[in-house]
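Residue-level structural notes
Here is what each chain is made of, one letter per residue.
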Amino acid sequence: MSLLKIHGKEIKIPLIQGGMGVGVSLEKLAGAVAKCGGMGCISTADCGYREEDFMRAPEEANLRALKKEIQKAKEISEGMGLIAINAMVATQQYAEAVKTAVKNGVDAVISGAGLPLDLPEHVPEGEALIAPIVSSDRAFKVIAKSWERNYHRFPDFVVLEGPKAGGHLGFKEKELLEGSCGSVTDILKKLVEAVKPYEEAIGRRIPVFAAGGIWDKADIEEVQDLGAAGVQMATRFIATEECDASREYKETLIKASSQDVRIIHSPVGMPGRALFTPLIKRLEESGRIPPTHCSRCIKTCNPGQVPYCITRALIEAVKGNYEEGLFFTGANVEKLTGMTTVPELVKELGF
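The notes below deal with the structure included here. Note that this is a predicted model, so its numbers are computed, not measured.

**Let's talk about the side chain of Thr 340**
Mapped onto the fold, Thr 340 is located in the loop between helix H12 (310-318) and helix H13 (342-348). Within polar-contact distance, the side chain of Thr 340 engages the side chain of Glu 344 at 2.9 Å. If sequence neighbours within four positions are ignored, Thr 340 has contacts with Ala 239, Thr 240, Glu 241 and Leu 345.

**A few points about the nonpolar core**
Counting residues in each nonpolar core, the largest one holds 107 residues, and the members touching the most others are Ile 85 and Leu 326. In terms of residues, this core owes the most to one element, helix H7 (residues 184-202), which gives eight residues. If sequence neighbours within four positions are ignored, Ile 85 has contacts with Cys 41, Ile 42, Thr 44, Leu 66, Ile 70, Ala 97, Val 98, Ala 101, Val 106, Ala 108, Val 109 and Ile 110. Of all hydrophobic cores here, the second largest spans 18 residues; its members include Leu 4, Leu 82, Phe 157 and Val 159.

**What to know about the environment of Asn 150**
For Asn 150, the location among the structural elements is in helix H5 (residues 137-151). As for Asn 150 and Val 231, which are separated by 81 residues in sequence, their C-alpha atoms are 29 Å apart.

**What to know about the packing of aromatic side chains**
Applying the stated criterion across every chain yields a total of five aromatic pairs. Taking the centre distance of 5.6 Å and the plane angle of 90 degrees together, the rings of Phe 140 and Tyr 198 count as edge-to-face. Of this pair, Phe 140 sits in helix H5 while Tyr 198 sits in helix H7, placing them 58 residues apart in sequence. Residue Phe 140 is classed as buried on the basis of its relative accessible area of 0%. Residue class for Tyr 198 comes out buried when judged on its relative accessible area of 12%.

**A short note on the environment of Gly 48**
In this fold, Gly 48 is placed in the loop between strand S4 (39-43) and helix H2 (58-77). In the structure, Gly 48 is positioned 17 residues away from Ala 65 in sequence and 5.0 Å away in space, judged by C-alpha atoms. The contact partners of Gly 48, leaving out residues within four places of it in the chain, are Phe 54, Ala 61, Asn 62 and Ala 65.

**Looking at the pattern of salt bridges**
Evaluated as defined, the whole model comprises 16 salt bridges. Residue Asp 53 is joined to Arg 64 by a salt bridge in which the shortest nitrogen-to-oxygen separation is 2.7 Å. Residue Asp 53 is found in the loop between S4 and H2, and its partner Arg 64 is found in helix H2; the two are separated by eleven residues along the sequence. In this structure Arg 64 comes out as partly exposed when scored by relative accessible area, which is 33%. Residue Asp 156 pairs with Arg 204 through a salt bridge whose shortest N-O separation is 3.5 Å. Of this pair, Asp 156 sits in the loop between H5 and strand S8 (158-161) while Arg 204 is found in the loop between H7 and strand S10 (208-211), placing the two residues 48 residues apart along the sequence. Under the relative-accessibility criterion, Asp 156 is labelled buried at 5%.

Definitions and cut-offs
Residues numbered from 1 in each chain as written. Predicted model: local features only at pLDDT ≥ 70, side-chain atom pairs only at ≥ 80, totals over all residues. Heavy atoms only, no water. Helix = DSSP H or I, 4+ residues; strand = E, 2+ residues; numbered from the N terminus. Polar contact = N/O pair within 3.5 Å; in protein donor to acceptor, adjacent residues only side chain to side chain. Contact = heavy atoms within 4.5 Å. Core = buried A, V, L, I, M, F, W, Y, C linked by side-chain atoms within 4.5 Å. Buried < 20%, exposed > 50% of the residue type's maximum accessible area, 1.4 Å probe, protein only. Phe/Tyr/Trp six-rings, centres within 6.5 Å; stacked < 30°, edge-to-face > 60°. Salt bridge = Lys/Arg side-chain N within 4 Å of Asp/Glu carboxyl O.

It is worth stressing that arrangement in space is one thing and function is another; only the former is reported here.
Below you can see the structure in the form of structure tokens.
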């Protein structure tokens, strides 16, 4: 398979491992994926939760941890592939996390959970690749026009997350529940056409990576036939030895069926796809579980009103606490039936 060149950088295989927070995709998973020739992705969302001072100084802990994780991931990768971060626009530390990552040599910044309209401001041209996560051709056009007008910059690549993705979703809850969002392939066709004028204008390719429900070699080939350069996959990487989450977290996802999956309300202000755990059940019954501590993670969060603390729920999940945890997942989680390794999975996918 030929190298995929992305504005001065390249990957051996057209595969991005999706960012998963809190703590599901850190240095071990990202480094292992990059070592195989793909793009490994570290989630910046409260990535310092393992630091001793996280509870009292989360901002400092997160930035310190991010620096270490990028360095460790690059060591694990042995110079292969690329190391990226996934930075959520909705987080308080969005700008600081991006700047810290770029300063410490990250290869790419992938940004979603809101429109990353000011991302170029935090990434000097030539320092790292920049890419928005979008759920429609319309969102891409808004971002691309804004970047061109305000920064004379263009996306280096684009990640399209369809309605079957896990975690936070860029669709209306009603559309997700009704199944009226359209498939990732339908959206992909429109996005590929929307990208073309920009590619022609700047004289280089802007690769599109399709995500959300992409599971096997056949899925990859289908979206590539429709114009995608490659794919982003997240849930499949959870059941790998290299995934940074606890074994209990992985076993919870492996045991899950399609009946266990729900569209939930996230304190971020977006719908999300997650497992129907005891935490979600209690929220449905009581409406609110008041936070006992604030790690100052989300820009719009009001601890006195928020339905629950998403940071605590995600940390409990990554530790394997089924009763208290929030377990995000893609729609195809029932296909996750056993453990593997990153190299074995990459081989199974046909790369």
